[in-house]
Amino acid sequence: MSKDSHFIEGLLFGGLLGAAAALLFAPATGDAIREKLKQKFKDLELDEVIDKFIEAFDEGKEEANRVAGELEDK
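Residues numbered from 1 in each chain as written. Predicted model: local features only at pLDDT ≥ 70, side-chain atom pairs only at ≥ 80, totals over all residues. Heavy atoms only, no water.

Some remarks on the overall build of the protein chain
Alright, step 1. Check the secondary structure of the protein chain and you find 3 helices and 0 strands.
Alright, step 2. What you see in the protein chain, going N to C, is helices and strands ordered as α-α-α.
Alright, step 3. Counting across all 74 residues of the protein chain, residues that qualify as buried make up 14%.
Alright, step 4. For the protein chain, the exposed surface amounts to about 6000 Å²; the carbon and sulfur share of it is 60%. (Helix = DSSP H or I, 4+ residues; strand = E, 2+ residues; numbered from the N terminus. Buried < 20%, exposed > 50% of the residue type's maximum accessible area, 1.4 Å probe, protein only. Areas by Shrake-Rupley, 256 points an atom, 1.4 Å probe, with all protein chains shown as cover.)

Here it is, written out as structure tokens:
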């Protein structure tokens, strides 16, 4: 891979991390924020990135709930 492609990957990854942080600290509901982000990404024609982000976010949410449940059981 070239240096430029690594930069673009890093830029997209950083943007996704920033979006995830915004979801955690936003005053609106998570669903409303996710819909707004989804629409913004679609406007930028990043549909594949959106789908991967949503999938990763949902998996992370499920894992966090699982871990929280395990901690409550202890």
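Alright, that's what it looks like, and here's the rest.
A short note on a nonpolar patch on the surface
Alright, step 1. A contiguous nonpolar surface patch, about 410 Å² in accessible area, is contributed by Phe-7, Ile-8, Leu-11 and Leu-12.
Alright, step 2. Mapped onto the secondary structure, Ile-8 falls in helix H1 (residues 3-25).
Alright, step 3. Residue Ile-8 is classed as partly exposed on the basis of its relative accessible area of 48%. (Patch = residues over 30% accessible without salt bridge, like charges linked within 9 Å, V, L, I, M, F, W, Y side chains within 5 Å. Salt bridge = Lys/Arg side-chain N within 4 Å of Asp/Glu carboxyl O.)

Considering the nonpolar core
Alright, step 1. In this structure, Leu-16, Ala-19, Ile-33, Leu-37, Phe-41, Ile-50 and Phe-53 together form the largest nonpolar core, which totals 7 residues.
Alright, step 2. Residue assignment for this core shows that the elements contributing at least two residues are H1, helix H2 (30-43) and helix H3 (47-73).
Alright, step 3. In terms of residue count, H2 provides more of this core than any other element does, 3 residues in total. (Core = buried A, V, L, I, M, F, W, Y, C linked by side-chain atoms within 4.5 Å.)

Describing the pattern of salt bridges
As a working rule, side chains carrying opposite charge can pair if their charged atoms are close by.
Alright, step 1. Within the structure shown, the criterion is met by 2 salt bridges.
Alright, step 2. For the salt bridge of Glu-63 with Arg-66, the shortest nitrogen-to-oxygen distance reads 2.3 Å. Residue Glu-63 and its partner Arg-66 are both found in helix H3; the two are separated by 3 residues, about one turn of the helix.
Alright, step 3. For Glu-63, a relative accessible area of 38% gives the class partly exposed.

Thoughts on the confidence of the model for the protein chain
Alright, step 1. Per-residue confidence for the protein chain gives a mean pLDDT of 77; residues scoring 70 or more make up 81%.
Alright, step 2. At the level of individual helices and strands, the protein chain shows its lowest average pLDDT in H2, which scores 75, and its highest in H3, which scores 82. (pLDDT = per-residue confidence, 0-100.)

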